[in-house]
Amino acid sequence: MKGQWTINDSLEHYLISRWGQPFFSINEKGHLVCTPKKNVSDAIDLKELLDDLKKRGLKPPLLIRFNDILASQVASLATSFNNCIKDYNYNATYRSVMPIKVNQQRHVVEQLVKHGERYNLGLEAGSKPELLVAMALLEKESGLLICNGYKDEDYIETALHAERLGVKTVLVLDRFAELAKVIE
């Protein structure tokens, strides 16, 4: 007969070390905890948080966002690239770009732009709605907008407006026929 379920059983069964480190773990009570700032003393016990939210009248399912995790991941990605650029004496310019289609939730895109500004994070828009979102969120002069989607006349015209408004815009052309549309 197998013994009682342990914290180590939870860690192994749910593979938290593969997807959650350093932000998620199991505490001594057996509860899932989040440390969005990587500081163990700031750990949030998610069971206790849910119990508190239930007392306030909120019922699951709930979406709980940790903006500090987004900030940390943007910084980690930028730092990794900057270190490689230095290590390999890369002399050209590099800018990270987040495709909006990966996560179209307004809050997430806004937070990525906010936290990515110091690292010159740009956005990639594959559709006209994504293009409009990027135009609204990116800072003029420092923003980078990659337009990599189906390019009908409206999409191209909107992308060119973004450039005129001061957002550095790059139209990725997949087919030679698209060049004629852009020139037109």
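The structure under discussion appears in the preceding block.
Keep in mind that this is a model prediction, so the values were computed, not measured.

Reading the values: the criteria
- Residues numbered from 1 in each chain as written.
- Predicted model: local features only at pLDDT ≥ 70, side-chain atom pairs only at ≥ 80, totals over all residues.
- Heavy atoms only, no water.
- Pairing = 2+ DSSP bridges.
- Helix = DSSP H or I, 4+ residues; strand = E, 2+ residues; numbered from the N terminus.
- Axes fitted to C-alpha atoms, helices over the stretch in contact; angles between N-to-C directions.
- Buried < 20%, exposed > 50% of the residue type's maximum accessible area, 1.4 Å probe, protein only.
- Contact = heavy atoms within 4.5 Å.
- Expected span 1.5 Å × (residues − 1).
- Salt bridge = Lys/Arg side-chain N within 4 Å of Asp/Glu carboxyl O.
- Right-handed = clockwise from strand over helix to strand, strands pointing away.
- Parallel < 35°, antiparallel > 145°, perpendicular 65-115°, else oblique.
- Left-handed = near helix turned anticlockwise from the far one by under 90°.

Further remarks concern the sheet that holds strand β7 (residues 168-171). Here we have four strands laid out as an open sheet, ordered β4-β5-β6-β7, and parallel in their pairing. One side of each edge strand has no neighbouring strand; the edge strands of this open sheet are β4 (97-99) and β7. Taken pair by pair, the neighbouring strands of this sheet meet at an average axis angle of 25 degrees, ignoring direction.

What follows is about the side chain of Ser72. Among the secondary structure elements, Ser72 is positioned in helix α4 (residues 67-87). A relative accessible area of 17% places Ser72 in the buried class. Setting aside chain neighbours within four positions, we find Ser72 in contact with Phe23 and Lys38.

So, about α4. Helix length check: α4, at 21 residues, gives a terminal C-alpha distance of 30 Å against a target of 30 Å (1.5 Å per residue), a fit within 8%. Every buried residue of α4 is listed here: Ile69, Ala71, Ser72, Val74, Ala75 and Ala78. Elements that come into contact with the buried residues of α4 comprise β1 (24-26), β2 (32-34) and α5 (106-116). Looking one or two places after α4, you find Asn89, whose phi comes out positive at around 50 degrees.

So, about the sheet that holds strand β3 (residues 44-45). Taken in spatial order, the three strands of this open sheet run β1-β2-β3, and their pairing is antiparallel. Sheet topology places β1 and β3 at the edges, where each strand pairs with a single neighbour. Pairing of β2 with β3 involves two bridges; the strand directions are antiparallel. Across the sheet, Val33 pairs through a bridge with Asp45, a residue of β3.

With that out of the way, let us pick up the pattern of salt bridges. In total, this model carries seven salt bridges according to the counting rule given. Within this structure, Lys151, Asp174, Arg175 and Glu178 form a network of salt bridges that share partners.

So, about the pairing of strand β5 (residues 122-125). Covered by surrounding structure in β5 are Gly122 and Glu124 together with Leu123 and Ala125, the residues of both alternating faces. Note: β4 against β5, three bridges, orientation parallel. Opposite Val97, over in β5, you have Gly122 as the bridge partner. One crossover worth recording links β4 to the parallel β5 by way of α5, and it is right-handed. Viewed along the sheet, the connection from β5 through helix α6 (residues 128-137) into strand β6 (residues 144-147) turns out right-handed.

Moving on: the environment of Leu179. Within the secondary structure, Leu179 is located in helix α8 (residues 176-183). Judged by its relative accessible area of 32%, Leu179 falls in the partly exposed class. The spacing of Leu179 and Lys151 is 28 residues in sequence and 9.9 Å in space, taken between C-alpha atoms.

Further remarks concern the packing of α4 against α5. When two helices pack together, their arrangement is given by the angle between the helix axes and by the axis-to-axis distance. Where α4 meets α5, the axes come as close as 9 Å, and the angle between the chain directions of the two elements is 45 degrees. Comparing the axis directions of α4 and α5 gives the class oblique. Note on packing geometry: the crossing formed by α4 with α5 is right-handed. Contacts between α4 and α5 pair Asn67, Leu70, Ala71 and Val74 from the former with His107, Val108, Gln111, Leu112, His115 and Gly116 from the latter.

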